[in-house]
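The chain contents come next:
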Amino acid sequence: MSSKSEEIQRHKGASANDGKKIHVVKQESLTYHQGPIPAPEELVKYESLCPGLADRIVRMAESQMAHRQGLEQKAVATNAELAKVGIYSAVVISLAVIGSGTYIVSCGQSAEGLVAIIGSLCSLVGVFIYGKESNKRELRERCKIMDSVSRQKND
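Cut-offs and rules
- Residues numbered from 1 in each chain as written.
- Predicted model: local features only at pLDDT ≥ 70, side-chain atom pairs only at ≥ 80, totals over all residues.
- Heavy atoms only, no water.
- Helix = DSSP H or I, 4+ residues; strand = E, 2+ residues; numbered from the N terminus.
- Buried < 20%, exposed > 50% of the residue type's maximum accessible area, 1.4 Å probe, protein only.
- Contact = heavy atoms within 4.5 Å.
- Areas by Shrake-Rupley, 256 points an atom, 1.4 Å probe, with all protein chains shown as cover.
- Patch = residues over 30% accessible without salt bridge, like charges linked within 9 Å, V, L, I, M, F, W, Y side chains within 5 Å.
- Salt bridge = Lys/Arg side-chain N within 4 Å of Asp/Glu carboxyl O.

**As for the overall build of the protein chain**
Working step 1: On a plain count of helices and strands, the protein chain comes out with 4 helices and 0 strands.
Working step 2: Scanning the protein chain from its N terminus toward the C terminus, one meets helices and strands in the order α-α-α-α.
Working step 3: Relative to its full complement of 155 residues, the protein chain shows a buried share of 8%.
Working step 4: Partitioning the intrachain contacts of the protein chain with sequence separation of at least 6 by distance along the chain shows that 14% fall at a separation of at least 24.
Working step 5: Of the roughly 13,500 Å² that the protein chain leaves accessible, carbon and sulfur atoms contribute 61%.

Below, the structure is given as C-alpha coordinates:
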(Lines give C-alpha, C1' and ligand atoms only; values in the text may rest on other atoms or scores of the structure.)
Protein backbone atom coordinates (compact mmCIF):
# COMPACT_ATOMS: atom_id res chain seq x y z
CA MET A 1 0.00 0.00 0.00
CA SER A 2 1.41 3.42 -0.88
CA SER A 3 2.05 6.04 1.76
CA LYS A 4 -0.77 8.22 0.44
CA SER A 5 -3.38 5.46 0.71
CA GLU A 6 -2.03 4.45 4.15
CA GLU A 7 -2.44 8.04 5.32
CA ILE A 8 -6.01 8.14 4.03
CA GLN A 9 -6.75 4.82 5.74
CA ARG A 10 -5.26 6.17 8.97
CA HIS A 11 -7.43 9.27 8.76
CA LYS A 12 -10.50 7.17 8.01
CA GLY A 13 -9.81 5.01 11.03
CA ALA A 14 -9.16 8.05 13.17
CA SER A 15 -12.36 9.75 12.12
CA ALA A 16 -14.43 6.67 12.86
CA ASN A 17 -12.85 6.29 16.29
CA ASP A 18 -12.04 9.86 17.32
CA GLY A 19 -14.90 11.79 15.71
CA LYS A 20 -12.49 13.84 13.57
CA LYS A 21 -13.54 15.06 10.14
CA ILE A 22 -11.64 14.07 7.06
CA HIS A 23 -10.77 16.71 4.48
CA VAL A 24 -9.69 15.27 1.18
CA VAL A 25 -8.19 17.70 -1.31
CA LYS A 26 -7.96 16.71 -4.92
CA GLN A 27 -5.87 18.85 -7.23
CA GLU A 28 -6.04 18.58 -10.99
CA SER A 29 -4.05 20.42 -13.58
CA LEU A 30 -5.02 21.08 -17.17
CA THR A 31 -2.63 22.32 -19.78
CA TYR A 32 -3.91 23.64 -23.08
CA HIS A 33 -1.81 24.14 -26.17
CA GLN A 34 -2.95 25.11 -29.62
CA GLY A 35 -0.83 25.27 -32.71
CA PRO A 36 0.99 23.20 -35.25
CA ILE A 37 4.08 22.72 -33.09
CA PRO A 38 3.88 20.93 -29.73
CA ALA A 39 4.87 22.73 -26.56
CA PRO A 40 8.64 22.86 -25.91
CA GLU A 41 8.36 20.28 -23.13
CA GLU A 42 6.64 17.90 -25.53
CA LEU A 43 9.28 18.49 -28.22
CA VAL A 44 11.98 17.54 -25.71
CA LYS A 45 10.11 14.31 -24.96
CA TYR A 46 9.77 13.53 -28.69
CA GLU A 47 13.46 14.21 -29.20
CA SER A 48 14.41 11.91 -26.33
CA LEU A 49 12.29 9.11 -27.84
CA CYS A 50 13.67 9.51 -31.34
CA PRO A 51 16.62 11.79 -32.03
CA GLY A 52 15.84 14.24 -34.85
CA LEU A 53 12.07 13.90 -34.43
CA ALA A 54 11.63 17.40 -32.97
CA ASP A 55 13.39 18.90 -36.00
CA ARG A 56 11.20 16.86 -38.35
CA ILE A 57 8.06 18.06 -36.55
CA VAL A 58 9.15 21.70 -36.82
CA ARG A 59 10.07 21.30 -40.52
CA MET A 60 6.70 19.64 -41.17
CA ALA A 61 4.87 22.59 -39.54
CA GLU A 62 6.94 25.08 -41.55
CA SER A 63 6.21 23.19 -44.76
CA GLN A 64 2.48 23.13 -44.00
CA MET A 65 2.53 26.85 -43.22
CA ALA A 66 4.27 27.65 -46.53
CA HIS A 67 1.76 25.47 -48.40
CA ARG A 68 -1.20 27.17 -46.72
CA GLN A 69 0.21 30.64 -47.42
CA GLY A 70 0.71 29.70 -51.07
CA LEU A 71 -2.92 28.59 -51.33
CA GLU A 72 -4.09 31.82 -49.69
CA GLN A 73 -2.02 33.89 -52.14
CA LYS A 74 -3.54 32.01 -55.07
CA ALA A 75 -7.04 32.51 -53.67
CA VAL A 76 -6.50 36.25 -53.22
CA ALA A 77 -5.07 36.60 -56.73
CA THR A 78 -7.97 34.61 -58.21
CA ASN A 79 -10.53 36.71 -56.34
CA ALA A 80 -8.86 39.90 -57.60
CA GLU A 81 -8.98 38.61 -61.19
CA LEU A 82 -12.63 37.61 -60.84
CA ALA A 83 -13.43 41.06 -59.46
CA LYS A 84 -11.76 42.65 -62.50
CA VAL A 85 -13.70 40.40 -64.88
CA GLY A 86 -16.92 41.34 -63.07
CA ILE A 87 -16.18 45.05 -63.36
CA TYR A 88 -15.30 44.80 -67.05
CA SER A 89 -18.44 42.76 -67.73
CA ALA A 90 -20.60 45.28 -65.87
CA VAL A 91 -19.10 48.13 -67.90
CA VAL A 92 -19.71 46.35 -71.21
CA ILE A 93 -23.28 45.39 -70.31
CA SER A 94 -24.06 48.87 -68.99
CA LEU A 95 -22.65 50.54 -72.10
CA ALA A 96 -24.67 48.18 -74.27
CA VAL A 97 -27.89 48.89 -72.36
CA ILE A 98 -27.26 52.66 -72.33
CA GLY A 99 -26.44 52.55 -76.05
CA SER A 100 -29.59 50.57 -76.71
CA GLY A 101 -31.61 53.03 -74.64
CA THR A 102 -30.12 55.92 -76.56
CA TYR A 103 -30.99 54.21 -79.84
CA ILE A 104 -34.55 53.58 -78.65
CA VAL A 105 -34.89 57.26 -77.71
CA SER A 106 -33.58 58.30 -81.14
CA CYS A 107 -36.21 56.06 -82.77
CA GLY A 108 -39.00 58.00 -81.05
CA GLN A 109 -39.65 55.71 -78.08
CA SER A 110 -38.37 58.12 -75.45
CA ALA A 111 -40.13 56.56 -72.42
CA GLU A 112 -38.81 53.07 -73.09
CA GLY A 113 -35.33 54.36 -73.89
CA LEU A 114 -35.17 56.44 -70.72
CA VAL A 115 -36.31 53.45 -68.65
CA ALA A 116 -33.48 51.37 -70.13
CA ILE A 117 -30.89 54.10 -69.48
CA ILE A 118 -32.06 54.98 -65.96
CA GLY A 119 -32.56 51.32 -65.02
CA SER A 120 -29.01 50.49 -66.08
CA LEU A 121 -27.55 53.43 -64.14
CA CYS A 122 -29.60 52.58 -61.04
CA SER A 123 -28.40 48.98 -61.20
CA LEU A 124 -24.77 50.13 -61.35
CA VAL A 125 -25.23 52.49 -58.41
CA GLY A 126 -27.04 49.78 -56.42
CA VAL A 127 -24.30 47.22 -56.98
CA PHE A 128 -21.65 49.79 -56.06
CA ILE A 129 -23.40 50.73 -52.81
CA TYR A 130 -24.03 47.08 -51.90
CA GLY A 131 -20.36 46.25 -52.51
CA LYS A 132 -19.18 49.12 -50.31
CA GLU A 133 -21.53 48.15 -47.49
CA SER A 134 -20.50 44.51 -47.78
CA ASN A 135 -16.82 45.50 -47.51
CA LYS A 136 -17.53 47.68 -44.47
CA ARG A 137 -19.45 44.85 -42.78
CA GLU A 138 -16.63 42.39 -43.44
CA LEU A 139 -14.08 44.86 -42.07
CA ARG A 140 -16.14 45.37 -38.89
CA GLU A 141 -16.37 41.58 -38.40
CA ARG A 142 -12.61 41.20 -38.82
CA CYS A 143 -12.00 44.02 -36.34
CA LYS A 144 -14.26 42.27 -33.80
CA ILE A 145 -12.33 39.03 -34.28
CA MET A 146 -8.99 40.79 -33.87
CA ASP A 147 -10.22 42.58 -30.74
CA SER A 148 -11.42 39.34 -29.17
CA VAL A 149 -8.12 37.60 -29.98
CA SER A 150 -6.10 40.45 -28.48
CA ARG A 151 -8.28 40.42 -25.34
CA GLN A 152 -7.75 36.66 -24.96
CA LYS A 153 -3.99 37.13 -25.21
CA ASN A 154 -4.06 39.87 -22.57
CA ASP A 155 -6.15 37.78 -20.13
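Now that the structure has been shown, the text picks up again.
**Re the side chain of Ser94**
Working step 1: Tracing the backbone shows Ser94 in helix α3 (residues 53–106).
Working step 2: Look past the residues within four positions of Ser94 in its chain and what remains in contact with it is Ser120 and Leu124.

**Quick word on a nonpolar patch on the surface**
Working step 1: On the surface, Ile87, Tyr88, Val91 and Leu95 cluster together to form a nonpolar patch covering roughly 440 Å² of accessible area.
Working step 2: Classification of Tyr88 as exposed rests on a relative accessible area of 55%.

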